[in-house]
Amino acid sequence: MLLLAPALALSLVLSPQDDPPLSDASQECADCHSVVHPGIVADWRKSRHAHVTPKDALAKPELERRISAGNVPEHRLAVAVGCYECHAAHTEDRPDRFEHFGYAIQTIPSPKDCAVCHPAERDQYAHSKMGNAHGNLRDNPLYTLLVETSLGTQSLVDDTLNGHAATRTTENEACYGCHGTRIEVDGMRTVATDAGDIEVPNLTNWPNHGVGRINPDGSKGSCTSCHPRHSFSIEVARQPYTCGQCHLEPDVPAFNVYKESKHGNLFSTAGKHWDFDAVPWHVGRDFQAPTCATCHASLLVTPEDDLIAERTHDFGSRLWVRLFGLPYAHPQPVHGDTTSLRNADEKPLPTTFAGVPAAKGLIDAQEALTRRRAMERTCQACHGTSYAGSFFDKLEATVAETNTMTETTTQLMQRAWSAGLADPANPFDEPIERTWIESWLFYANSIRYASAMSGPDYAGFKNGWWKLSQVPRRMQELTRMLSALKR
Amino acid sequence: MLLLAPALALSLVLSPQDDPPLSDASQECADCHSVVHPGIVADWRKSRHAHVTPKDALAKPELERRISAGNVPEHRLAVAVGCYECHAAHTEDRPDRFEHFGYAIQTIPSPKDCAVCHPAERDQYAHSKMGNAHGNLRDNPLYTLLVETSLGTQSLVDDTLNGHAATRTTENEACYGCHGTRIEVDGMRTVATDAGDIEVPNLTNWPNHGVGRINPDGSKGSCTSCHPRHSFSIEVARQPYTCGQCHLEPDVPAFNVYKESKHGNLFSTAGKHWDFDAVPWHVGRDFQAPTCATCHASLLVTPEDDLIAERTHDFGSRLWVRLFGLPYAHPQPVHGDTTSLRNADEKPLPTTFAGVPAAKGLIDAQEALTRRRAMERTCQACHGTSYAGSFFDKLEATVAETNTMTETTTQLMQRAWSAGLADPANPFDEPIERTWIESWLFYANSIRYASAMSGPDYAGFKNGWWKLSQVPRRMQELTRMLSALKR
Amino acid sequence: MLLLAPALALSLVLSPQDDPPLSDASQECADCHSVVHPGIVADWRKSRHAHVTPKDALAKPELERRISAGNVPEHRLAVAVGCYECHAAHTEDRPDRFEHFGYAIQTIPSPKDCAVCHPAERDQYAHSKMGNAHGNLRDNPLYTLLVETSLGTQSLVDDTLNGHAATRTTENEACYGCHGTRIEVDGMRTVATDAGDIEVPNLTNWPNHGVGRINPDGSKGSCTSCHPRHSFSIEVARQPYTCGQCHLEPDVPAFNVYKESKHGNLFSTAGKHWDFDAVPWHVGRDFQAPTCATCHASLLVTPEDDLIAERTHDFGSRLWVRLFGLPYAHPQPVHGDTTSLRNADEKPLPTTFAGVPAAKGLIDAQEALTRRRAMERTCQACHGTSYAGSFFDKLEATVAETNTMTETTTQLMQRAWSAGLADPANPFDEPIERTWIESWLFYANSIRYASAMSGPDYAGFKNGWWKLSQVPRRMQELTRMLSALKR
């Protein structure tokens, strides 16, 4: 209750006359674009990039530093991080480069460009599941079949349903809306603007800002997914709404569970008084309950600046169990690129249909324990030692029980396949298959997220045990009915 | 980050001693009602109506004006817009008029009363689908059958389910809770109050604040739906929660999609710093991401006051495709009153069951293009020209693909009707009919809203393609089962 | 719009140098724990407990008092309410007591401890359904069967599904996550901490903060459920997110309905300007639309300090109908402990399967009217007399109509049981039984909450009449199918 509202506090400190100069090129960009796209420029003017030079950023004490580069090229040091600094950082070899009123411009700034100042974040992110989200889906034939089956149209010819594989545009706005598309340059196109016709690169699978986007320069990830342009704000990234764009029910209800948890309640009721901009982030002083970033990403310290947790952009690095079942919950993959995982049946899955984890590519028990301890240490900033320990013991029990249920529904599915009541050639298209899939993809997952973050509703009536406990009997009833119809 | 919190800013400018005088009548209202209904009066005291006279409002530069009347009657000019100014504006011919401690009072101020100062808004709204939402439902026999079938009770007599048409009270709190009821005066009633018994008009279908309410004076609409009494705030109307009272999943998930979009994320994380009260509304300066009002209603300008979009209260006027399928997505109706639309089969629907749009009453391709360009111009305040264009190309593809799916499920439904497996006399009551209805009313609609505003979850697993792609096979399975039971 | 942001206002009044002294013991706690659990201590430092002594609290005018004790023990009067004041209030007979660096400490402060200053709240809460939420579930054999059936795992042996009763850990994170667990001390355990090994009580069914938690000292309830530690804030308890942790769809969608209501819209759009800390709470001045607490708990006054409603922590005390059907909506129970309720069929339910309320233990018509009038008086702070009356007439009609539907689906269920198509020994496990349960537990309940707080979507397409009206025909279809399979 003693906090001064953060936005107000900052407004007393920063004022336009303190702003650093723009480079000549950026000034020229801004002069024109503040007329043709005024929202972009106005948004940027409120950003830290407009207020702080790399030189000043480098001069901060280490704990307060927001950039991880040891050095920044000389010509960038004393100017704001403006339009040209990012949109022309590496034009020498960029497919999305184009000539624009005398300047070489790259349409899509990529992690490579951000890494001029933020190389550690780029490297960590490249190792994460999120950074590899495009290929993890596209390069896995089983997942690709799921995507195509789910998103494709169907038409009726005589009595037969003909399925049509999903179009790229539909894939891009559904699965690849979050996972990220592969953007390529397909020649140039002419665009009519208020400033006359201009030639720009013709981008495929665009617009897109998914977390694992493959950029025209081949780099992976879209920093703007969580630090949306053009304010690139840490305040935005630290609030759960950002993660909550994708981590949503029914398959990944992390945000939904968080909202109904005590942590989420405190964020919703009191978060407006918290300081989401502070670096380092002081537990209890800057905020009183964690957001997603607190436990999974941010540099945390005590009010006296003692370290609690290091900053990371590999958001799974403090996680040991992968709650998201494929189809069983399993140890986290060693690397965020999971395309090479193979189960004992040579399927591109981290577990077999009997629940056995892949022999290679998943973390071992020792690493799991190390990660669990690191997460518990974060909890202990606000909770007693035995509180945190008991909490995760409970989660491990839930993982085991929900995996048992996946085993049961998978056995029922296998029997239906064996009996010729469904066709395993495409395991994703028939009603009984959909019922089976929802048992692990929706319900078991919901229960695990509910356990991990304390959301009783998602453990119970809302996509939890209430739903999961219905599946085996419904599958039995469907099986009996399909058998009868077959006779 | 440089913004001063808007509420605070205003509190520095306005203070009670600056408030204009109340008319004698309003003063008398307030004296008494601040005791018997203190919340109403206190709410009004915080409103602009309490702080600004019509005279001052008329004196503003045109771009800053919040009233559209060229003139306001002389006796209203120098007093606050108080109780009596609205509750006695047109008592001469009002069915809801009653005598109240020496004054003639109208119970329900209507758009006619608001139009004393806001005539352009009244006229635009009267042309909108929202302003006509009551009759569009009530005066369409097909939709009325849907309402009655869905909301009615059922009782079991022997082995027969008897359906009972929904009562008016249930209709009023479900469908007509949003669409608006028809309020009529049915004599007078005596109400016991702290001030003794008083006689008031006995209102039918009341309370109700649906957007298309038919008021006792015959006017359409309830301005308080979006500018809730008694603060009548533009801040409220511009925030998505207001639209989100009705534009909700599963049939119209506009608010749900917005919340999980990047625009919604920015509103949720940073909206507390934005100025929702500014007129005109400056893109990038007053706000950094759009709300519903930004794209569909508000007067938008650049930070330098250059016009981006005119204000409108016909909220569909920048829309070209009607995403809400009946049963197919189709060109927007020319007028918000859709009761006269007829498809080629003479049904009161904008499209046939084969997907052909009505020959009359829908906008043509030229008008569609004009509207799309107007919307793109709004996008371009913050997005590049090719970005906005590609975005809506993607939407058009999604409209076509979801319409294909509606065609498939409708064909399956027609076959079931032809085979006598369901009775088309009431197409809304049997399980297989409900499955068909949900394919277009819930799932196809969700996918289109997800496409229009970038909500990948609603395009995919959450009421999107995952659900839609299940319907044809489920309908086939139901058909086989019903055939078997019939034999 | 004239409000000063409350957080800011308070920050001008309170500053650390004004803080009262800590007791020597609490100072010692804080010195150590601010290092090992810094978040807890920092959170507490922002609390009222850190800023105001009991002596100062007692000196407030009665209407402004936040404590209900007439006296507080002498030694507590002049110090802050710190760690030791609550964690050692009643160690003389506490099972969860342990020796900790020379002090006797109780792990879990309970309502008994809070009652040193807040006895009226403890007493009211002990009478409420929330305070008795653990036993109301655990001590009712029918509800316990529902819990065990819903949350247990199932395994396949040959062709038989074997059900396994839910484990305690799963129960604790689902149903008892909200209802509260029974926490007992099972010896001591050694915990490795940064300060070396320490011995602490080994708590069963922990962690848990459900509303009806049975504490080691036998007291009922967890004050921290709604006043989460360690800021114990009234601001948090008064915001709907707190109630919204448990009162959620699909079974109790109070929070969901509130959010889409006009009241919820106003809270979401304007609540950031409201004063959630004021005692008493001034209608229209401190806030402009009600939250859950306004209507169900808080001390409400007019802007001139005239009483509108007394404070209560028996949150059902202004409620007359229990909307939550078991299986029918029915008069509220006389006491929050409902374990002794028996219907005419001697089942532990408040109504029979035919809808007849229990003869004993439910409030009578006179008490129902008294409560309805008390609630209407709250509404009338902002709404006209006939508005409030008509509103609740509508609710009563909805209760009757939804009860009719429960009667119909229950009759269909009873016929299926009679025909041997389902086994009533466990009425909670078969698909047709789940369909029946959802008709009253999810859909009828949703419609009633939608009626009580104006959420048209939940009355209609979203878990409302649209879903409810499908159940009878789906049950008929299932019955026909099960009969055919049996033959």
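The structure under discussion appears in the preceding block.
Each chain has its residues counted from 1, following the order in which its sequence is written. To read the labels, note that chains go from A and ligands from 1, taken in the order they are written. For this predicted model, a pLDDT threshold of at least 70 governs which residues receive local features, and a threshold of 80 or more governs which side-chain atom pairs are given and counted, while totals over whole chains, interfaces and linings are taken from all residues. With hydrogens and water excluded, all non-hydrogen atoms of the structure serve as input to the side-chain values.

A. Geometry of unusual backbone geometry. Residue A:Pro280 follows A:Val279 across a cis peptide bond; omega there is -5 degrees. In this fold, A:Pro280 is placed in the loop between helix 16 (262-270) and strand 7 (281-282). Along the chain, A:Leu326 connects to A:Pro327 via a cis peptide bond; the corresponding omega equals -15 degrees. Secondary structure elements are defined from DSSP: runs of H or I of at least 4 residues count as helices, runs of E of at least 2 residues count as strands, and each element is numbered from the N terminus. The topology assignment puts A:Pro327 in the loop between strand 10 (321-322) and strand 11 (330-331). In this model, A:Asp305 sits at a positive phi of 70 degrees, which is unusual for a non-glycine residue. Burial here depends on accessible area, computed with a 1.4 Å probe over protein chains only, as a share of the maximum for the residue type. Under 20% is buried, over 50% is exposed, and the range in between is partly exposed. Accessibility expressed as a relative area gives 40% for A:Asp305, which makes it partly exposed. You will see that B:Asn205, though not glycine, has its phi angle at about 55 degrees, which is positive. Within the secondary structure, B:Asn205 is located in the loop between strand 6 (196-203) and helix 13 (234-237).

B. Region of interest: helix 16 (residues 262-270) of chain B. For helix 16 of chain B, every residue scored as buried is listed here: B:Gly264, B:Asn265, B:Leu266, B:Phe267, B:Thr269 and B:Ala270. Contacts are assigned to residue pairs with any non-hydrogen atoms lying within 4.5 Å of each other. For helix 16 of chain B, the secondary structure elements touched by its buried residues are helix 13 (234-237) and helix 14 (240-243) of chain A together with helix 14 (240-243) and helix 15 (254-260) of chain B. For helix 16 of chain B, the side-chain oxygen to backbone nitrogen distance between the N-cap and B:His263 is 3.4 Å, and the N-cap itself is B:Ser261. By the criterion applied in these results, polar contacts are pairs of N or O atoms within 3.5 Å in which, for protein atoms, one can donate a hydrogen and the other can accept it, and in which residues neighboring in sequence qualify only through two side-chain atoms.

C. Spatial organisation of the relation of the copies chain C and chain A. The superposition of copies rests on a least-squares fit of C-alpha positions from residues with pLDDT of 70 or more in both. For the pair chain C and chain A, the relating rotation is 120 degrees, the translation along its axis is 0.0 Å, and the fit reaches an RMSD of 0.0 Å. The superposition operator between the copies reduces to a three-fold rotation axis. Interface overlap between copies: only 4% of the residues of chain C at the interface are likewise at the interface in chain A, consistent with a contact formed by different surfaces.

D. Representation of the state of the cysteines. Here, a disulfide means two cysteine sulfur atoms that sit within 2.5 Å of each other. Evaluated as defined, the whole model comprises three disulfides over all chains. The side chain of A:Cys178 participates in a disulfide bridge whose partner is A:Cys246; the two sulfur atoms lie 2.3 Å from each other. Around the S-S axis, the bridge from A:Cys178 to A:Cys246 shows a dihedral of about -100 degrees and counts as left-handed. Of the two residues, A:Cys178 is situated in helix 12 (residues 175-179) and A:Cys246 in the loop between helix 14 and helix 15 (254-260); the sequence distance between them amounts to 68 residues. Judged by its relative accessible area of 15%, A:Cys178 is buried. Here B:Cys114 is not disulfide-linked; the sulfur of B:Cys223 is the nearest cysteine sulfur, at 3.7 Å. Here C:Cys86 is not disulfide-linked; the sulfur of C:Cys114 is the nearest cysteine sulfur, at 6.4 Å.

E. Local environment of the sheet that holds strand 9 (residues 307-309) of chain B. Residues and elements named next belong to chain B. Taken in spatial order, the three strands make up an open sheet running 7-8-9, and their pairing is mixed. Only two strands of the sheet have a single partner each, and these edge strands are strand 7 (281-282) and strand 9. Here, a strand pair is defined by DSSP locating no fewer than two bridges between the strands. The sheet contact formed by strand 7 and strand 8 (residues 300-301) spans two bridges and is parallel. The partner of Trp281 across the bridge, within strand 8, is Leu300.

F. Structural view of the environment of C:Ala293. All names here are of chain C. Checked against the element boundaries, Ala293 lands in helix 17 (residues 292-296). Judged by relative accessible area, which is 9%, Ala293 ranks as buried. Sequence-wise, Ala293 and His335 are 42 residues apart; in three dimensions their C-alpha atoms are separated by 20 Å. With sequence-adjacent residues up to four places away left out, Ala293 is seen in contact with Ala237, Arg238, Trp281 and Ser298.

G. Molecular detail of the interface of chain C and chain A. With 78 residues of chain C at the interface, the matching set in chain A holds 63 residues. Accessible area, probed at 1.4 Å, shrinks when two parts are joined; the buried area is that loss added up over both. Here chain C meets chain A over a buried area of about 6,200 Å², counting both sides, of which 59% is carbon and sulfur. For this document, the term salt bridge refers to a Lys or Arg side-chain nitrogen within 4 Å of an Asp or Glu carboxyl oxygen. The interface formed by chain C and chain A contains four salt bridges. Joining chain C to chain A, the criterion identifies 32 residue pairs in polar contact (both at pLDDT 80 or more). If you tally residues by element for the side of chain C that touches chain A, the top one is helix 20 (residues 431-453) of chain C, at seven residues. Throughout, the ten residues Ala, Val, Leu, Ile, Met, Phe, Trp, Tyr, Cys and Pro are labelled nonpolar, Asp, Glu, Lys and Arg are labelled charged, and all others, Gly among them, are labelled polar. Residues that form the side of chain C that touches chain A fall into these classes: 33 nonpolar, 27 polar and 18 charged.

H. Quick peek at the pairing of strand 1 (residues 97-100) of chain A. All names here are of chain A. Of the two faces of strand 1, only one is covered, namely that formed by Phe98 and His100; the face formed by Arg97 and Glu99 stays uncovered. Of the strand pairs in this sheet, strand 1 and strand 2 (residues 103-106) are connected by four bridges, and their pairing is antiparallel. Residue pairing across strands places Glu99 opposite Ala104, the latter belonging to strand 2. From the end of strand 1 to the start of strand 2, which pair antiparallel, there are two residues, and Phe101 there has a positive phi angle of about 50 degrees.

I. Region of interest: the pattern of salt bridges. Overall, the coordinates contain 63 salt bridges over all chains when judged by the stated rule. Across the salt bridge formed by A:Arg94 and A:Asp96, the nearest N and O atoms sit 3.3 Å from each other. For the pair formed by A:Arg94 and A:Asp96, the shared burial category is buried. Residue C:Arg372 is joined to C:Glu396 by a salt bridge in which the shortest nitrogen-to-oxygen separation is 3.4 Å. Of the two residues, C:Arg372 sits in helix 18 (residues 365-379) while C:Glu396 sits in helix 19 (residues 385-418), which places them 24 residues apart along the sequence. Here C:Arg372 falls in the buried class, since its relative accessible area comes to 9%. C:Glu396 gets classed as partly exposed once you look at its relative accessible area, which sits at 31%. Residues participating in the shared-partner salt-bridge network are A:Glu249, A:Lys462, B:Glu249, B:Lys462, C:Glu249 and C:Lys462.

J. Local environment of the packing of helix 23 (residues 471-486) of chain B against helix 23 (residues 471-486) of chain C. Between helix 23 of chain B and helix 23 of chain C, the least distance of the axes is 11 Å, while the angle of their chain directions is 60 degrees. For the crossing formed where helix 23 of chain B meets helix 23 of chain C, the hand is left-handed. Contacts between helix 23 of chain B and helix 23 of chain C involve B:Leu478, B:Met481, B:Leu482 and B:Leu485 from the former and C:Glu477, C:Arg480, C:Met481 and C:Ala484 from the latter. Each axis is a line fitted through C-alpha atoms, taken for helices only over the stretch in contact, and angles between the N-to-C directions span 0 to 180 degrees. By definition, any crossing whose near helix is turned counterclockwise from its far helix by less than a right angle is left-handed, and any crossing with a clockwise turn is right-handed.

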